[in-house]
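# A look at the structure
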Amino acid sequence: MTTIAVYPGSFDPITNGHLDVIYRAATMFDRVVVAVAHNIEKVPLFTAAERVALVRAAVHGHQNVTVDEFDGLLVRYARQIGARVLVRGLRAVSDFEYEFQMALVNRRLDRHIETIFLMPKEEYIFLSSRTVKEIAALGGEASQFVPAVVEKALRRKSGVNSARRRRSKRV
Ligand code: PNS
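Throughout what follows, the structure given in this document is the object of discussion. Treat the numbers as computed from the prediction; the structure is a model and nothing was measured. (Residues numbered from 1 in each chain as written. Predicted model: local features only at pLDDT ≥ 70, side-chain atom pairs only at ≥ 80, totals over all residues. Heavy atoms only, no water.)

### Description of the site of the ligand
Applicable threshold: The criterion for a residue being near a molecule or strand is simple. One of its heavy atoms has to lie within 4 Å of it. Throughout this description, a polar contact denotes any pair of N or O atoms lying within 3.5 Å of each other; where both atoms belong to protein, one of them has to be capable of donating a hydrogen while the other can accept it, and for residues adjacent in sequence the pair is counted only when both atoms sit in side chains. Note on areas: these come from Shrake-Rupley sampling with a 1.4 Å probe, and a residue is covered only by the protein chains present in the view. Note on definitions: the grid is 1 Å and covers protein atoms alone; a cavity is a set of points where a 1.4 Å probe fits but cannot get out; a pocket is an open set with protein on both sides within 12 Å along at least five of seven lines; lining residues have an atom within 4 Å of a point. A pocket or cavity is taken to hold a molecule when more than half of that molecule's atoms are within 2 Å of the pocket's grid points. Helix and strand definitions follow DSSP, with helices as H or I runs of at least four residues and strands as E runs of at least two, each counted in order from the N terminus. When residues are sorted by character, Ala, Val, Leu, Ile, Met, Phe, Trp, Tyr, Cys and Pro go into the nonpolar class, Asp, Glu, Lys and Arg into the charged class, and all the rest, Gly among them, into the polar class.
Near the ligand, the surroundings consist of 13 residues, among which Ser10, Lys42, Leu74, Arg88 and Asn106 are the closest. Within the backbone of Leu74, an N or O atom sits 2.8 Å from an oxygen atom of the ligand. Between Arg88 and the ligand, the recorded distance is 2.9 Å, taken from a side-chain N or O atom to an oxygen atom. Burial of the ligand by the protein amounts to 74% of the accessible area it has alone, namely 540 Å². The cavity that encloses the ligand is the largest pocket. Counting residues per element, the ones that place at least two in the shell around the ligand are strand E1 (4-9) and helix H4 (93-109). Each residue belonging to the shell around the ligand can be placed in one class, and the counts come to 7 nonpolar, 4 polar and 2 charged.

Next comes the structure, spelled out in structure tokens:
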């Protein structure tokens, strides 16, 4: 039987910490589906299509890793694609309460789907998409935290956003 794991998230944008979790999961399961959430509560920097494209580019060449997007309930999506495992990264104690709640809610919604937590390398413990976006927006060097393709996309976005800010100041 093929075991499929879903690694869901906003991936706004994908970071080296996410990649570390993906590659760990890829050694444990036959197939890992990185599932990009379409509608997220936070206002994303990147559109869903952009987030998917960046994840695809970042995991390119990894045979048992595929990328998809989903809308609505995560457990429903997992069931649809025949996955019984949800993978989430756990960085620090601060992640725990939110993750614990999400895992238990998902278990309530579908008792056949199990959540497992993987810890990324210590060097990524502090890393989040939010931090990366902040660094890029303030003109800092994000290349050590994200794949090159994401770094380029961040630079393009910050360029567009600062041009917009300059234009709106002029009017
Ligand atoms: O990267 P994130 O923002 O921590 O990912 C959160 C995500 C997208 C995995 C979570 O919000 C989610 O599963 N959304 C789908 C809606 C859902 O199933 N909600 C019920 C479980 S809390």
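### Quick notes on the nonpolar core
Operational definition: Throughout, nonpolar core names a set of buried Ala, Val, Leu, Ile, Met, Phe, Trp, Tyr and Cys residues whose side chains join them through atoms within 4.5 Å. Accessible area is worked out with a 1.4 Å probe on protein chains only. A residue is then buried under 20% of its type maximum, exposed over 50%, and partly exposed in between. By definition in these notes, contact holds between two residues if any of their heavy atoms fall within 4.5 Å.
Ranked by internal contacts, the top residues of the largest apolar core, which has 34 residues, are Tyr7, Ile14, Ile22, Val55, Val87 and Leu154. Only E1, helix H1 (16-28), strand E2 (31-37), helix H2 (48-59), strand E3 (65-70), strand E4 (85-89), helix H5 (129-137) and helix H6 (148-170) provide two or more residues apiece to this core. Beyond its immediate stretch of four places on either side in the chain, Leu154 contacts Pro13, Leu45, Phe46, Val132, Lys133, Ala136, Ala142 and Val146. Residues Ala35, Phe70, Ala78 and Ala83 belong to the second largest nonpolar core, which totals 13 residues.

### Digging into the pattern of salt bridges
Cut-off, in case you're wondering: Salt-bridge detection follows one rule: a side-chain nitrogen of Lys or Arg within 4 Å of a carboxyl oxygen of Asp or Glu.
The full count for this structure, using the stated rule, is 8 salt bridges. Between Lys133 and Asp12 there is a salt bridge, and its shortest N-O distance comes to 2.8 Å. Of the two residues, Lys133 sits in helix H5 while Asp12 sits in the loop between E1 and H1, which places them 121 residues apart along the sequence. Here Asp12 falls in the buried class, since its relative accessible area comes to 4%. For Glu99, the salt bridge identified is with Arg88, shortest N-O distance 2.8 Å. Residue Glu99 is located in helix H4, and its partner Arg88 is located in strand E4; the two are separated by 11 residues in the primary sequence.

### A look at the layout of surface pockets
Keep this limit in mind: Grid points are joined across faces, edges and corners, and a volume is the space filled by probe spheres set on the points.
The calculated volume of the largest pocket comes to roughly 1300 Å³. Forming the boundary of the largest pocket are 43 residues, of which Gly9, Ser10, Lys42, Arg88 and Tyr98 lie nearest the centre. Sort the elements by how many residues they give to the lining of the largest pocket and H4 lands first, with 9 residues. Split into classes, the residues belonging to the lining of the largest pocket amount to 19 nonpolar, 14 polar and 10 charged.

Structural measurements only, silent on function.
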